[in-house]
Amino acid sequence: MPSSDVRTAARTAGPDSLRVDRPAKTLRELTLVKMREAILTQHFRPGDRLVERELCEQLGVSRTIVREVLRHLETEGLVTTLQARGPIVSRTTAAEALQIYEIRGALEGIAARACAELGDAAVAADLDAAIGRIRAAYRGKDMAGVLEATSEFYGTLFSAAGKDIAWSIVSSLTVRINHLRSMTIKTPGRDQQGPEQMQRIVDAIRAGDGAAAETAALQHVRAASDIARRLLAADDAV
């Protein structure tokens, strides 16, 4: 078809005729999700080298996509590029973990207090539902489900509290928080202790007790922090 005919056909067909259909997620986005999950589930463990050629074969994607994904994961703190070794899975130090948990504790305590002071029973019900999903995921040995439902719990907490700026700070650390959480949720007894500690936050919110809600949130974070630091110290000793 002559070029003039192509232009005429395009005009006749209307503005949507040139729209390119695409899947909900691009290949790069799907690869990023897969790699992030592989790191969070410790398929790739801290310190493991991430060799581009091997990743291309395992993922079935081009080297360009692998490089883009590794660069993105580096911005999230999950990958570190060493001059001598190239990209590796990042190691979180005990000192870094302590800072992350300090930020979490402060902001989650503020959000929990604000929720309690709202006196909205619907908020407590939504948080209860999230805890129910966490317990169900634990029973099903679905660690990815535990992480997802836990993120949902805190998203609801901060949203209900109206603490959008605080949530944006926590969200910027979400991947690194989940990296630590992926270790702590697997420790013996955490399937009971974690939800029970979160339930105390919700109970205080339902009772309208801001001080108790803040204290319960801090206690939950401190318990997770203690577990993470023990695990990280054990890794460093190996």
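Owing to the predicted nature of the structure, the values given are computational and were not obtained by experimental measurement.

A. Molecular detail of the pattern of salt bridges. Taken as a whole and judged by the stated rule, the model has twelve salt bridges. Residues D128 and R206 are paired through a salt bridge, measuring 2.2 Å at the closest nitrogen-oxygen approach. Of the two residues, D128 sits in helix α6 (residues 121-139) while R206 sits in helix α10 (residues 190-207), which places them 78 residues apart along the sequence. For R206, a relative accessible area of 44% translates into the label partly exposed.

B. Layout of helix α4 (residues 63-75). Taking 1.5 Å per residue, 13 residues should reach 18 Å; α4 reaches 19 Å between its end C-alpha atoms and fits that length. For α4, the complete set of buried residues consists of I65, V66, V69, L70 and L73. Buried residues of α4, viewed axially, fall in a sector of 135 degrees; they line one side. The outward face of α4, more than 90 degrees from its buried face, is lined by the exposed residues R71 and T75. Buried residues in α4 make contact with α2 (27-40), α3 (52-59), β1 (79-82) and β2 (86-89). Of the residues flanking the end of α4, it is G77, one or two places downstream, whose phi is positive at about 85 degrees.

C. Molecular detail of the pairing of β1. In the sheet, β1 pairs with β2 via four bridges, with the strands oriented antiparallel. Note on β2: the bridge partner recorded for T81 is P87.

D. Summary view of the packing of aromatic side chains. Taken as a whole and assessed by the stated rule, the structure comprises two aromatic pairs. Both rings, one in F153 and one in Y154, keep their centres 5.0 Å apart while their planes meet at 80 degrees; by these two values the pair is edge-to-face. Taken as a pair, F153 and Y154 share a single burial class, namely buried. With a centroid separation of 5.3 Å and 35 degrees between ring planes, the pair formed by F158 and W167 is classed as tilted.

E. Geometry of the nonpolar core. Residues Y101, L127, F153, L157, L180 and I205 are the most contacted members of the largest nonpolar core, which totals 44 residues. Listing elements by their share of this core, those giving two or more residues are α5 (94-118), α6, α7 (143-161), α8 (164-172), α9 (174-184), α10 and α11 (210-237). Counting residues per element, this core draws most heavily on α5, at nine residues. Not counting the four nearest positions on each side in its chain, Y101 is found in contact with L180, T184, V221, A224, S225 and A228. Counting 18 residues, the second-largest nonpolar core is a separate cluster that includes A38, L55, V79 and V89.

F. View of empty space enclosed by the protein. All chains considered together, the criterion is met by two cavities of 30 Å³ or more. Each pocket or cavity is described by its volume, and for the largest cavity that value is around 140 Å³. Of all the secondary structure elements, the ones that give two or more residues to the lining of the largest cavity are α5, α6, α7, α9, α10 and α11. Here the lining of the largest cavity takes four residues from α10, the largest share from any one element.

G. Just the side chain of R190, in detail. Position of R190 among the secondary structure elements: in helix α10. Among buried Asp, Glu, Lys and Arg side chains, R190 stands out as unpaired, with D191 the closest opposite charge at 8.6 Å. The residues contacting R190, other than those within four sequence positions of it, are Y138, T184, I185, P195, Q197, H220, A223, A224 and I227.

Conventions and cut-offs
Residues numbered from 1 in each chain as written. Predicted model: local features only at pLDDT ≥ 70, side-chain atom pairs only at ≥ 80, totals over all residues. Heavy atoms only, no water. Salt bridge = Lys/Arg side-chain N within 4 Å of Asp/Glu carboxyl O. Helix = DSSP H or I, 4+ residues; strand = E, 2+ residues; numbered from the N terminus. Buried < 20%, exposed > 50% of the residue type's maximum accessible area, 1.4 Å probe, protein only. Expected span 1.5 Å × (residues − 1). Arc of directions from axis to C-beta. Contact = heavy atoms within 4.5 Å. Pairing = 2+ DSSP bridges. Phe/Tyr/Trp six-rings, centres within 6.5 Å; stacked < 30°, edge-to-face > 60°. Core = buried A, V, L, I, M, F, W, Y, C linked by side-chain atoms within 4.5 Å. 1 Å grid on protein atoms, 1.4 Å probe; cavity = no way out; pocket = protein on both sides within 12 Å on 5 of 7 lines; lining within 4 Å. Points joined across faces, edges and corners; volume = space filled by probe spheres on them. Lys, Arg positive; Asp, Glu negative; His and termini not counted.

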